[in-house]
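What the coordinates show
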Amino acid sequence: MKSTVTVVKDFTLAKVDDGLFSSFIEHLGRAVYTGIYEPGHPTADEQGFRKDVISMVKDLRVGMVRYPGGNFLSGYNWKDGIGPREKRPVRLDRAWHTIEPNEIGIDEFADWAKKAGTAVMGAVNMGTGTPQDAGDMVEYCNYPSGTYWSDLRIANGHKEAHAIKTWCIGNEMDGPWQICHLDAVDYGKKAREAAKIMKWTDESIKLVVCGSASSSMPTYPEWDRIVLEHTYDLADYISIHRYFENFGNDDDFLASFKDMDDFIKTAAATCDYVKALKRSSKTMWLSFDEWNIWYQQKKEPHPWVKAPRILEDHYSLLDALAFGGMAITLLNHADRVKVACLAQLVNVIAPIFTEPGKGAYRQSIYWPFRDMSIYGRGTVLTPVVKTDSKITEKYGEVPAAIYSAVLNEEETELTVFALNTNKSEKAELTLNLMNFGNTQMFYRTEMSGSDLSARNSLENPDAVCNKEVAVSQGDKNCYSISLSPASWNVLRFKLVK
């Protein structure tokens, strides 16, 4: 199998927004309790946060963490999570059939985010909540002092405002599974009124309205159009969500990037239609604020308990490769996708997995996300790609190898991400960088292996991870590189003056 990729410095797509490397923590399963928060754990700090988890999150350089949900959000009263812990109510979380003790709320989560080196992407309840509740939460979090809610935050131990600058107005309100699900017109009206109150409270914030929960929704993309017709002037982003899983056909699964690519293009086209309809000069950005591999076929019944073990997918090498295709797709749409949240961050369909009282380890998907976050910052270029294709049952003809190129001018470095989806053949890549003058490959890693079902565990945490590979020497800045079958690759080049 052969590929020719030519990268030209002037073929720029967009500067990558730090929000593209974001994630998500919901009050769901063990994401919070025994995930980020476990008082009495050997690594717990004075607030009960697991320092081993904080270290792993910091290593990912996560831009923002969306909080507190998720489906949980639509039945959550944020006021239950503030004030003295002993006075906080214990509630039934009807979204996930669990007991919510409210030991962690917005104040504690803001503290955790600072320790983890990330920002909070707030979310307000548009199910059982009201626009007034949304405005009150923004006031509590962002207003300096001198009002009821800001002074209450100060009385609760947080003199400085949390300064949360990006907010989601509800979650997946197109979904019948959502508490107090609304149709597009009713949600559009409610979101518009919430947005007005929220921005009148803090005009500096950016707002995300709910787009389609999946490209498979029967209301997609009409939902998005209707919502935007109500909210276009006030919103800054519309959200899109998409999860993928392997239904038994590996080639289809590895080509999931095609579905994600189509979803993004359709969402952007819908936004641009409303832009034209409104005669607006504003571009609506996309917030892909839930994306990942999620095996939703599994049913996990459980009693009413606190922090049950639910949605704890254990990811394989094959999962990590499919994930890498999605990461490349997000980078290649950096001109419209400004926020993307890997859902979720700890234990629940997550790159980080913990055991109560024990250690934590990195799942296979941790590594392509880390590669994307560490080396995907800068300006995305649009390479000229010629590659062999393959025929899939679900998506038809797709490229057998996909690529993304990111130029970091501050570091004078170019990174090329490459995914070879062919399980039996190497991809013989000819990489042409002649437009850059003198270049030198100085770093190369690969994630591959003969056992695509291999998984990491507490006992064997490095069964699936990146391996360093010998760098190639270019002939007049033209490199011949062999990409292993079924492999995720990171190729880094120094631009030599």
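For the structure, check the block above.
Residues numbered from 1 in each chain as written. Predicted model: local features only at pLDDT ≥ 70, side-chain atom pairs only at ≥ 80, totals over all residues. Heavy atoms only, no water.

Turning next to the overall build of the chain. Scanning the chain for helices and strands turns up 10 helices and 25 strands. Whereas a compact globule of 497 residues would reach a radius of gyration of roughly 23 Å, the chain reaches 23 Å, a difference of no more than 12%. In the chain, buried positions account for 60% of the 497 residues. Within the chain, residue pairs in contact and separated by at least 24 positions form 78% of the contacts whose partners lie at least 6 positions apart. Here the chain has roughly 19100 Å² of accessible surface; of this, 50% comes from carbon and sulfur atoms. (Helix = DSSP H or I, 4+ residues; strand = E, 2+ residues; numbered from the N terminus. Rg over C-alpha atoms; globule rule 2.2 N^0.38 Å. Buried < 20%, exposed > 50% of the residue type's maximum accessible area, 1.4 Å probe, protein only. Contact = heavy atoms within 4.5 Å. Areas by Shrake-Rupley, 256 points an atom, 1.4 Å probe, with all protein chains shown as cover.)

If you walk around this closed barrel you meet the 8 strands as β3-β4-β7-β8-β9-β10-β11-β12, and the pairing is parallel. Looking at each pair of strands side by side, their axes are set apart by 30 degrees on average, direction ignored. Seen against the sheet, helix α3 (residues 131-142) touches β7 (119-124) and β8 (166-169) and runs at an angle of roughly 165 degrees to β8. Across the face of the sheet, helix α5 (residues 184-201) comes into contact with β7, β8 and β9 (206-209) while running at roughly 150 degrees to β8. (Pairing = 2+ DSSP bridges. Axes fitted to C-alpha atoms, helices over the stretch in contact; angles between N-to-C directions.)

A few words on the side chain of Arg 242. Along the polypeptide, Arg 242 turns up in strand β10 (residues 237-244). Side-chain polar atoms of Arg 242 contact the side chain of Asp 259, separated by 3.0 Å. Apart from residues no more than four positions distant in its own chain, Arg 242 is found in contact with Ala 213, Ser 214, Ser 215, Asp 259, Phe 263, Phe 288, Glu 290, Trp 291 and Asn 292. (Polar contact = N/O pair within 3.5 Å; in protein donor to acceptor, adjacent residues only side chain to side chain.)

With respect to the helices, strands and loops of the structure, Arg 370 is situated in helix α10 (residues 366-375). Distance in space between the C-alpha atoms of Arg 370 and Asp 111 is 23 Å, their sequence separation being 259 residues. Excluding residues that lie within four positions of it along the chain, Arg 370 makes contacts with Asp 59, Leu 60 and Tyr 375.

Moving on, we come to the packing of aromatic side chains. Within a pair of aromatic rings, the relevant descriptors are the distance that separates the centres and the angle that separates the planes. With the rule as written, the count across this model stands at 18 aromatic pairs. Consider the rings of Tyr 148 and Trp 149, whose centres lie 4.9 Å apart with planes at 85 degrees: the pair is edge-to-face. A relative accessible area of 57% places Tyr 148 in the exposed class. Residue classification places Trp 149 among the buried residues on the basis of a relative accessible area of 15%. Here the aromatic cluster, defined as three or more aromatic residues joined through ring pairs, consists of Trp 78, Tyr 140, Tyr 148 and Trp 149. It is Lys 338 that lies over the ring of Trp 285; its NZ or CZ is 4.9 Å from the centre. Seen from the ring of Tyr 366, Arg 362 lies directly overhead, with NZ or CZ sitting 5.2 Å from the centre. (Phe/Tyr/Trp six-rings, centres within 6.5 Å; stacked < 30°, edge-to-face > 60°. Lys NZ or Arg CZ within 6 Å of the ring centre and 35° of its normal.)

Moving on, we get to the sheet that holds strand β16 (residues 384-387). As a general point, the strands of a sheet are linked pairwise by backbone hydrogen bonds and lie either parallel or antiparallel. Taking strand neighbours across the sheet as the criterion, the 4 strands line up as β16-β1-β21-β24 in an open arrangement whose pairing is mixed. Looking at which strands have only one partner, the edges of the open sheet turn out to be β16 and β24 (478-483). Going across the sheet, the axis of each strand differs from the next one's by a mean of 15 degrees, ignoring polarity. Where strand β1 (residues 2-6) lies against strand β21 (residues 427-432), 5 bridges are found, and the strand directions are parallel. Paired with Lys 2 across the two strands is Glu 428, which belongs to β21.

Let us now look at the layout of surface pockets. There is about 640 Å³ of room inside the largest pocket. Along its surface, the largest pocket is lined by 32 residues, and Ala 213, Ser 214, Tyr 243, Trp 294 and Gln 296 are the ones closest to its centre. Only β10 and α7 (250-254) provide two or more residues apiece to the lining of the largest pocket. Tallied by class, the residues present in the lining of the largest pocket amount to 15 nonpolar, 10 polar and 7 charged. Looking at the second largest pocket, it is lined by 19 residues, and the ones nearest its centre are Asp 261, Ile 328, Asn 332, Ile 402 and Tyr 403. (1 Å grid on protein atoms, 1.4 Å probe; cavity = no way out; pocket = protein on both sides within 12 Å on 5 of 7 lines; lining within 4 Å. Points joined across faces, edges and corners; volume = space filled by probe spheres on them. Nonpolar A, V, L, I, M, F, W, Y, C, P; charged D, E, K, R; others polar.)

Counting across every chain of the model gives 2 cavities of 30 Å³ or more. As for the largest cavity, its lining consists of His 27, Leu 28, Gly 29, Tyr 33, Thr 98, Ile 99, Glu 100, Ala 307 and Pro 308. Tallied by class, residues from the lining of the largest cavity come to 5 nonpolar, 3 polar and 1 charged. The space that makes up the second largest cavity amounts to roughly 30 Å³. Taken together, Arg 66, Cys 168, Gly 170, Asn 171, Glu 172, Val 208, Val 209, Cys 210, Ser 239, His 241 and Asp 289 form the lining of the second largest cavity. Only β9 and β10 provide two or more residues apiece to the lining of the second largest cavity. Its residues assigned to classes, the lining of the second largest cavity shows 4 nonpolar, 4 polar and 3 charged.

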